[in-house]
Amino acid sequence: MLIPIITVDGPGGAGKGAICKRLSEHLGWHLLDSGMLYRLLALSAINHHVETDNEPALKVMASALDIKFQSIAGQDGIRAWLEGEDVTDALRSEDVGLAASKVAQLPAARSALLARQRAFVELPGLVADGRDMGTVVFIEAPLKIYLTASVEERANRRYKQLLDKGQSDTLPRLVEAIKARDESDMNRAVAPLKPAPDALTIDSTLMTIDEVCQQVLDEAAKRGLF
Ligand code: DC
């Protein structure tokens, strides 16, 4: 039986995490947060003192990563364990994010993570969140979403998230950081961030999470995915 997959790609801060979590709960499908895999690889590199440009070592590390995921109802996102330790909070740090964007540039590390990502495809279905879900990892997916939002809106969302965590930054600095991350994700040599030719683009700048989810669910229903 063909297992249905919805891929959701797009730049950081577009709301992919919240949308994918909501969709997977609503549908009762599995959830892959592929950015978390890159962050886990980056954290493992930091812990084991491996440079983020040491491609051969990172390839071996990516194939052997000892990781576990668990989705906890009522909580945003997924919890992750690395070598038996709950590292969910550490994964969200700026240092790990920066290191993740570096290891994500290495073709050998990316291909070593392919099989792990594809192993998430299980009945009754999968919602896959990332940058290259529809263009590389699940090119056969019957519904591909490219979720975007303006840089200013994404910076605003990040600003509010930081305030909620008791941290702060200035909006202009966040705008610059988001532009820099977009630039590196969209212009890298391997699996650059771009919409799949058959993707449906949704601009979430002026939309609520509910509205975006509803549009995706309507589209999934139209295509007979559930
Ligand atoms: O979505 P995120 O911020 O957790 O992703 C962390 C880094 O991993 C980000 O720089 C982009 C990269 N990434 C990727 O290259 N491919 C994916 N499918 C997911 C994330």
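We now turn to the structure provided with this report. (Residues numbered from 1 in each chain as written. Predicted model: local features only at pLDDT ≥ 70, side-chain atom pairs only at ≥ 80, totals over all residues. Heavy atoms only, no water.)

1. A look at the layout of surface pockets
What counts is decided by this rule: Lining residues are defined by having an atom within 4 Å of a point belonging to a cavity or pocket. Those points lie on a 1 Å grid over the protein atoms alone, cavities being sets where a 1.4 Å probe fits but cannot get out and pockets being open sets with protein on both sides within 12 Å along at least five of seven lines. Grid points are joined across faces, edges and corners, and a volume is the space filled by probe spheres set on the points. The helix and strand labels rest on DSSP assignments: H or I over at least four residues marks a helix, E over at least two residues marks a strand, and numbering proceeds from the N terminus. Lys, Arg, Asp and Glu make up the charged group, whereas Ala, Val, Leu, Ile, Met, Phe, Trp, Tyr, Cys and Pro make up the nonpolar group; the residues left over, Gly among them, are polar.
Considering only enclosed or pocket space, the second largest pocket measures out at about 210 Å³ in volume. Within the residue set of the lining of the second largest pocket, elements represented by two or more residues are α1 (16-27), β2 (30-33) and β3 (67-71). A total of three residues in the lining of the second largest pocket trace back to one element, the largest contributor, which is β3. Looking at the lining of the second largest pocket, its residues break down into six nonpolar, four polar and two charged.

2. Examining the pairing of strand β7 (residues 143-148)
Rules: Only protein chains enter the calculation, and the probe is 1.4 Å; a residue is then buried if its accessible area is under 20% of its type maximum, exposed if over 50%, and partly exposed in between. At least two bridges found by DSSP between two strands is the condition for calling them paired.
Of all six residues making up β7, six are buried, and the element is well covered by its neighbours. Of the two faces of β7, the one carrying Leu 143, Ile 145 and Leu 147 and the one carrying Lys 144, Tyr 146 and Thr 148 are both buried. Pairing of strand β1 (residues 5-9) with β7, which is carried by four bridges, proceeds in the parallel orientation. Bridging from a neighbouring strand, Asp 9 pairs with Tyr 146 of β7. One ladder, built from four bridges, connects β7 with strand β8 (residues 200-203); its direction is parallel. Paired with Thr 148 across the strands is Asp 203, a residue of β8.

3. What about the side chain of Ser 204?
This is how it is decided: The criterion used for residue contact is that any of the two residues' heavy atoms lie within 4.5 Å.
Along the chain, Ser 204 falls in the loop between β8 and α10 (209-222). If near-sequence neighbours (up to four positions away) are discounted, Ser 204 is found in contact with Ala 14, Leu 147, Thr 148, Ala 149, Arg 157 and Val 212.

4. What to know about the pattern of salt bridges
Which entries qualify depends on this criterion: By definition, a salt bridge exists where a carboxyl oxygen of Asp or Glu is found within 4 Å of a side-chain nitrogen of Lys or Arg.
In this structure the tally under the stated criterion is 13 salt bridges. Arg 157 serves as the salt-bridge partner of Glu 153, at 3.0 Å between the closest nitrogen and oxygen. Of the two residues, Glu 153 and Arg 157 both sit in helix α8 (residues 151-164), four residues apart, roughly one turn of that helix. By relative accessible area, which is 22% here, Arg 157 ends up partly exposed.

5. Description of the sheet that holds β1
What counts is decided by this rule: The axes used here are C-alpha line fits, helices contributing only the stretch in contact, and every angle between their N-to-C directions lies in the interval 0 to 180 degrees.
As summarised here, the arrangement of the five strands in space is β2-β6-β1-β7-β8, forming an open sheet in which the pairing is parallel. With one partner strand each, in any of the chains shown, β2 and β8 form the two edges of the open sheet. In this sheet, adjacent strand axes meet at a mean angle of 20 degrees when their direction is disregarded. In the packing of helix α2 (residues 34-47) onto the sheet, the strands contacted are β2 and β6 (126-130), and the crossing angle to β2 comes to about 45 degrees.

6. Observations regarding the packing of aromatic side chains
The following threshold applies: For Phe, Tyr and Trp, rings pair up if their centres lie within 6.5 Å, where Trp contributes its six-membered ring, and each pair is then called stacked (planes under 30 degrees apart), edge-to-face (over 60) or tilted (otherwise). For a lysine, the NZ atom is tested; for an arginine, the CZ atom; a charge sits over a ring if that atom is within 6 Å of the ring centre and within 35 degrees of the ring normal.
Summed over all chains, the structure comprises one aromatic pair. Positioned above the aromatic ring of Trp 81 is the side chain of Lys 68, whose terminal nitrogen or guanidinium carbon lies 4.5 Å from the ring centre.

7. Concerning the site of the ligand
Operational definition: We call a residue near a molecule or strand as soon as one heavy atom of that residue lies within 4 Å of the molecule or strand. By the criterion applied in these results, polar contacts are pairs of N or O atoms within 3.5 Å in which, for protein atoms, one can donate a hydrogen and the other can accept it, and in which residues neighboring in sequence qualify only through two side-chain atoms. Calculation of accessible area relied on Shrake-Rupley with a 1.4 Å probe; when residues are assessed, cover is drawn exclusively from the protein chains displayed.
Residues in close proximity to the ligand total 16 residues, the closest being Arg 39, Arg 110, Arg 131, Asp 132 and Arg 188. Side-chain polar atom of Ser 34 to a nitrogen atom of the ligand: 2.9 Å apart, as the coordinates give it. A distance of 2.8 Å separates an oxygen atom of the ligand from a polar side-chain atom of Arg 131. Burial of the ligand by the protein amounts to 94% of the accessible area it has alone, namely 450 Å². Among the secondary structure elements, those contributing two or more residues to the shell around the ligand are α2, α5 (94-103) and α9 (171-187). A per-element tally of the shell around the ligand places α2 first, with four residues. Of the residues in the shell around the ligand, the class split is four nonpolar, four polar and eight charged.

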